[in-house]
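# Descriptive analysis of the structure
One-letter residues, chain by chain:
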Amino acid sequence: MQTAAPTSDAATRKRYYDTIAPQSLAPLWEVLKGLVPPEPRSKAVPHVWSYSKIRPLLLEAGKLLTAEEAERRVLVLENPALPGQSRITPSMYSGVQLVMPGEIAPAHRHTASALRFVLESDGGYTVVAGERTIMQRGDFVITPNGAWHDHGQEKDTPLIWVDGLDLHMINFFETGFMEHHNEKAQTITKKDEDSVARYGSGLVPMTGGSPFGMTSPIFNYRYEKSRAALMDIVGQGKPDAHLGYALRYANPLDGGWAMPTIATWLTQIPKGFETKDARCTDGRTIIVVEGEISAEIDGKTYRMGESDIGVIPSWAWSRIRADKDAIVFTFSDRAAQEKLGIWREEKR
Ligand code: GTQ
């Protein structure tokens, strides 16, 4: 077969591009390879934040300004390859939030869905749509999109958690709205743990629909319960080769992910066990709840201990070894990807 000779030289093409540019037209052939890549090439890089480094800096911010001044006093976990963009991965926002004793992070609501994974709490709380839930370490707490929420701490210890929000997906679609409540703290209209009673015991109400649309009506998946379930399956059969023992947080009304855009799950990896290499199209944020792990991401090893936070970019090979019995919480945009039918994984 003969390859056709180029029909025009670079200078001629450039002149043509300059001619069409004022008409807001551009040649696809110059950008096609980047637009339709053969496989994902994440703009994010792997990274691990050590909690022992974050904590004192966060407490320093506690002296710098009040939660009310800040609205949300958060140190954003910025992917080192995406500085200034408030992204841990291209689609996900994450940060570490602090509420000091006596403070209230004022009530607001927004289109973005939020998750909170609690690192330190002695009686801190969040109020979601008129219901208050006390937060404990390891609790996975959801703020459904559009729900009023304020956070507070009446005890004399700092309240610290990891936030995960889908706000870059919301902003990409240009569908973001936000409103401040006319009161700092919304009125509590329900009994504490009302949603746990109604939805959290394998039973669901006979009547009425889903109170939060595609989001789980349980907004605090208590660590005590999740951990107990996970530990009950540890040693029962083999751990999954690529995950370890794994349970995902489910919406009790439909069995799907707990949040419409964000997937969340909890894994236990027994000491000495190493998962096999896998990669997937969802960029993942992992938080070590208990124990110690070595995460190998794209060929580099990251040691992680309790409360350390790591990010595994889309399509990066990774595997995890437990150096001590470990429990790891993970969140990613997999729930959104699955709804669009684009989620993929590869395993070795
Ligand atoms: O707690 O509502 O980290 O609105 C970023 C934006 C937390 C929150 C964040 C928010 C919140």
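Residues numbered from 1 in each chain as written. Predicted model: local features only at pLDDT ≥ 70, side-chain atom pairs only at ≥ 80, totals over all residues. Heavy atoms only, no water.

### Remarks on the pairing of strand 18 (residues 309–312)
Burial along strand 18 is two-sided: the face carrying Ile309 and Val311 and the face carrying Gly310 and Ile312 are both buried. Pairing geometry for strand 1 (residues 47–49) and strand 18, over three bridges, is antiparallel. The partner of His47 across the bridge, within strand 18, is Val311. Across four bridges, the pairing between strand 16 (residues 284–297) and strand 18 is antiparallel. The partner of Arg284 across the bridge, within strand 18, is Ile312. (Buried < 20%, exposed > 50% of the residue type's maximum accessible area, 1.4 Å probe, protein only. Helix = DSSP H or I, 4+ residues; strand = E, 2+ residues; numbered from the N terminus. Pairing = 2+ DSSP bridges.)

### Considering the packing of aromatic side chains
With the rule as written, the count across this model stands at 10 aromatic pairs. Taking the centre distance of 5.6 Å and the plane angle of 45° together, the rings of Phe140 and Phe329 count as tilted. On the criterion of sequence distance, the pair formed by Phe140 in strand 8 (residues 140–143) and Phe329 in strand 19 (residues 318–332) is long-range, its members being 189 residues apart. Each member of the pair Phe140 and Phe329 is classed as buried. Through successive ring pairs, a cluster of aromatic residues spans Phe117, Phe140, Tyr221, Tyr249 and Phe329. The ring of Trp343 is capped by Arg334, whose NZ or CZ atom sits 3.7 Å from the centre of that ring. The ring of Trp317 carries Arg348 above its face, with NZ or CZ at 3.8 Å from the centroid. (Phe/Tyr/Trp six-rings, centres within 6.5 Å; stacked < 30°, edge-to-face > 60°. Lys NZ or Arg CZ within 6 Å of the ring centre and 35° of its normal.)

### With respect to the environment of Leu98
With respect to the element layout, Leu98 can be found in strand 3 (residues 93–99). Not counting residues up to four positions away in its chain, the partners in contact with Leu98 are Leu58, Leu59, Gly62, Arg73, Pro158, Leu159 and Ile160. (Contact = heavy atoms within 4.5 Å.)

### Section: the pattern of salt bridges
With the rule as written, the count across this model stands at 24 salt bridges. Glu39 is the salt-bridge partner of Arg279, the closest N and O atoms lying 3.9 Å from each other. Residue Arg279 is found in strand 15 (residues 278–280), and its partner Glu39 is found in the loop between helix 2 (32–35) and strand 1; the two are separated by 240 residues along the sequence. Judged by its relative accessible area of 38%, Glu39 falls in the partly exposed class. (Salt bridge = Lys/Arg side-chain N within 4 Å of Asp/Glu carboxyl O.)

### Re the sheet that holds strand 9 (residues 149–152)
Read from one edge to the other, the open sheet built from five strands follows the order 7-6-9-4-11, with strand pairing classed as antiparallel. Looking along the sheet, the strands with just one partner apiece sit at the ends: strand 7 (131–136) and strand 11 (178–180). On average, each strand axis in the sheet is inclined to that of its neighbour by 25°, with strand direction left out of account. In terms of strand pairing, strand 6 (residues 122–128) meets strand 9 through four bridges, oriented antiparallel. By the bridge assignment for strand 9, Thr126 is matched with His151. (Axes fitted to C-alpha atoms, helices over the stretch in contact; angles between N-to-C directions.)

### Some details on the sheet that holds strand 10 (residues 159–165)
The six strands lie next to each other as 2-3-10-5-8-12, forming an open sheet whose pairing is antiparallel. Strands at the two margins of the open sheet, each flanked by one partner only, are strand 2 (74–76) and strand 12 (220–221). Direction of pairing for strand 5 (residues 114–120) relative to strand 10: antiparallel, over a ladder of six bridges. Counted as the bridge partner of Arg116 is Asp163 from strand 10. Along the sheet face, helix 3 (residues 51–64) touches strand 2, strand 3, strand 5 and strand 10 and points at about 55° away from the line of strand 3.

### So, the nonpolar core
A general feature of soluble globular proteins is that nonpolar side chains tend to end up buried together. Counting residues in each nonpolar core, the largest one holds 40 residues, and the members touching the most others are Phe140, Leu266, Ile309 and Phe329. Discounting residues that sit within four places of it in the chain, Phe140 has contacts with Leu115, Arg116, Phe117, Phe219, Asn220, Tyr221, Tyr249, Ala258, Met259, Thr264 and Phe329. Ranked by size, the runner-up nonpolar core spans 15 residues in total, among them Ile269, Ile297, Ile312 and Ala326. (Core = buried A, V, L, I, M, F, W, Y, C linked by side-chain atoms within 4.5 Å.)

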